[in-house]
Amino acid sequence: MENNIRLLLNNISVVYSDVIQVLKGVSLTVKKGQIVSLLGSNGAGKTTTLKAISGLLKPENGKVTEGSIEYDGKPVQNSSPEEITRKGIIQVLEGRQEFKYLTVEENLRVGTATRWGKPFKKDLEMVYHYFPALLARKKNLAGYCSGGELQMLVMGRGLMAQPSLLLLDEPSLGLAPLLVKEIFQIIRRVNQDLGTTLMLVEQNANMALQIAHYGYVMENGKIVMESDAEALRENPDVKEFYLGTAATGTLKSYKDVKSYKRRKRWL
Amino acid sequence: MEFFLQLLVNGISLGFLYALSALGFVMIFKSSSVLNFAHGELLAIGAFMFLVLSAWAKLPIILAFALTLIGSFALGFVIERLFLRPLIGEALIEVIMLTVGLAAMFKGLMLFIFGGDIHDYPKFLPEGLSMEWGTIQIPSVYVATFIIGILFLIIFGLFFKYSSQGIYMRSVADNQPAALSLGVHVKRVFAMSWAIAALVCAMSGVVLGIINGINVHQISSVGLKVFPVVILGGLDSIGGAIIGGVIIGLLETFTGGYISTSLREVIPYIVLVLILMVRPYGLFGLVEIERV
């Protein structure tokens, strides 16, 4: 049972610039081969949680002050990003941080930085297999690609590192609904084919809970709810706040939710 | 006409020398956005290193040259490690001020060790390298500069375009947080760019020493010329550095030949201002890719 666990966050607190506390005791578990999704509104601390895992807090002057992060049973909290990426944890940053002046294929090759000098031809083929759109654009500068292509590019770039845990930060941000669907299908396929463990931070709770095995809900730097994705989808609170549907399954009227505002407006 | 051709040849050769030295400057700027004010001093260090090895230690020329390149490469690493790494994360202006300090320190040290006199290398370039067409002469130094310059530009071009390490270096220049998230060793990239820069500087320093003799003040003042060259070509473009170098070289020799030798040093800066008015990124600087 114990070695079934890929990642374990044990009551961690994160403080920025020594004063601003963002995470207040977050605990979560990611099992091997699972997709775990982390939901929550803006500012809940989802991205900070991911950065605490991947070591990218450091350049932003953030620090894990309490608790521990264990990866395959070994503590990794406050390690440098160079060390953590070499252990197999890769974070795909929010907002498609592509290398503008590198071509698509060069962007993908940067993903091999953690295993410099080893052959990468097979991985390129694998990425082009999952994201055929990239193959057609491989010689183009990434700066001129569309939003959808860029999202595929940064995910493919993460896969080039052969991660054992891939952290995805809002892959659906600013994409058309059809494209979001495609991206999520690819995420599911990657999880099934390659056995990659994934942690998914999303605003699009509906999509996220459809592909995830397990889910956590964050508010104000704390985990407020956790359960199987199935059960979360059925939970009345989650339905109301994150899925936008009421208990009956119909859309809840604006009047019922915010009646006080309405009255104010009509006074 | 012959006078014109001779000036043309001189200008291009001089330009190539400037381009070669500007390469080191561009390298550092490209990866870490640092303007290196110790550039001229790095040129001088390379020239003196070769002097010590060839004239004083009397090593064979090839060996001395190779050791100079290796030594300066190592020096670049050491400079980054000792002086620049502690400043990672600090404001850019502090790092730039540090290079000003480094320049003063290196200059002082060299004056202390070698004095202010002009030193000379033993003659070693084969006379057969020099070329002649009618009355036009290309001294062997310039021919050697040309060959070495082109060779190195090709090597660096290939390195940055195709090698993994070159691609990692470009990724850091492009988007540092993203490079970090993929496990690129950003500090190693900075160290590498300083090492390569010091190596290229040493090479141009040696060539300058062959042409003019080796003197701290003279060689480090050539380092200043790197500014019009790289600003003209675009601070982050290797191809631009070459063309910028050739343009400045030509401007200098033609002004010196046809107008007056005292205007020689000023004209490049005037043209620089004019070009920047039309193309603020320089001739070949990266135009910001903007998403709208």
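Residues numbered from 1 in each chain as written. Chains lettered and ligands numbered in written order. Predicted model: local features only at pLDDT ≥ 70, side-chain atom pairs only at ≥ 80, totals over all residues.

All names here are of chain A. Pairing between strand β1 (residues 5–16) and strand β2 (residues 20–31): 9 bridges, direction antiparallel. Note on β2: the bridge partner recorded for L9 is L28. Where β1 folds back on β2, the antiparallel hairpin that results is connected by 3 residues, among which S17 adopts a positive phi of roughly 50°. (Pairing = 2+ DSSP bridges. Helix = DSSP H or I, 4+ residues; strand = E, 2+ residues; numbered from the N terminus.)

This paragraph deals with the pairing of strand β3 (residues 35–40) of chain A. Residues and elements named next belong to chain A. Within β3, 6 of the 6 residues are buried, leaving the element largely enclosed by the surrounding structure. Covered by surrounding structure in β3 are I35, S37 and L39 together with V36, L38 and G40, the residues of both alternating faces. Bridge count between β3 and strand β8 (residues 197–202): 5 bridges; the pairing is parallel. Bridge pairing in β8 places S37 opposite L200. The pairing of β3 with strand β9 (residues 214–219) spans 5 bridges and is parallel. Residue pairing for β9: V36 is matched across the bridge by Y214. (Buried ≥ 20, exposed ≤ 12 C-beta atoms within 10 Å, placed from the backbone.)

Further remarks concern the interface of chain A and chain B. On the side of chain B, 18 residues touch chain A, which itself brings 27 residues to the contact. Sort the elements by how many residues they give to the side of chain A that touches chain B and helix α2 (residues 81–86) of chain A lands first, with 4 residues. Residue classes in the side of chain A that touches chain B are distributed as 13 nonpolar, 8 polar and 6 charged. (Contact = placed C-beta atoms within 7 Å. Nonpolar A, V, L, I, M, F, W, Y, C, P; charged D, E, K, R; others polar.)

Residues and elements named next belong to chain B. Most of helix α10 (residues 226–233) is tucked away: 7 of the 8 residues are buried. Taken together, the buried positions of α10 are occupied by V226, P228, V229, V230, I231, L232 and G233. Within two residues after α10, G234 carries a phi angle of roughly 100°, on the positive side.

Further remarks concern the confidence of the model for chain A. Fine structural detail should not be taken from predicted coordinates in areas where pLDDT scores are low. On average, residues of chain A score 87 in pLDDT, and 90% of them reach the 70 mark or higher. In this model, residues 258–267 of chain A is a region of pLDDT below 50 whose contacts with residues beyond four sequence positions or in other chains number 1 contact. (pLDDT = per-residue confidence, 0-100.)

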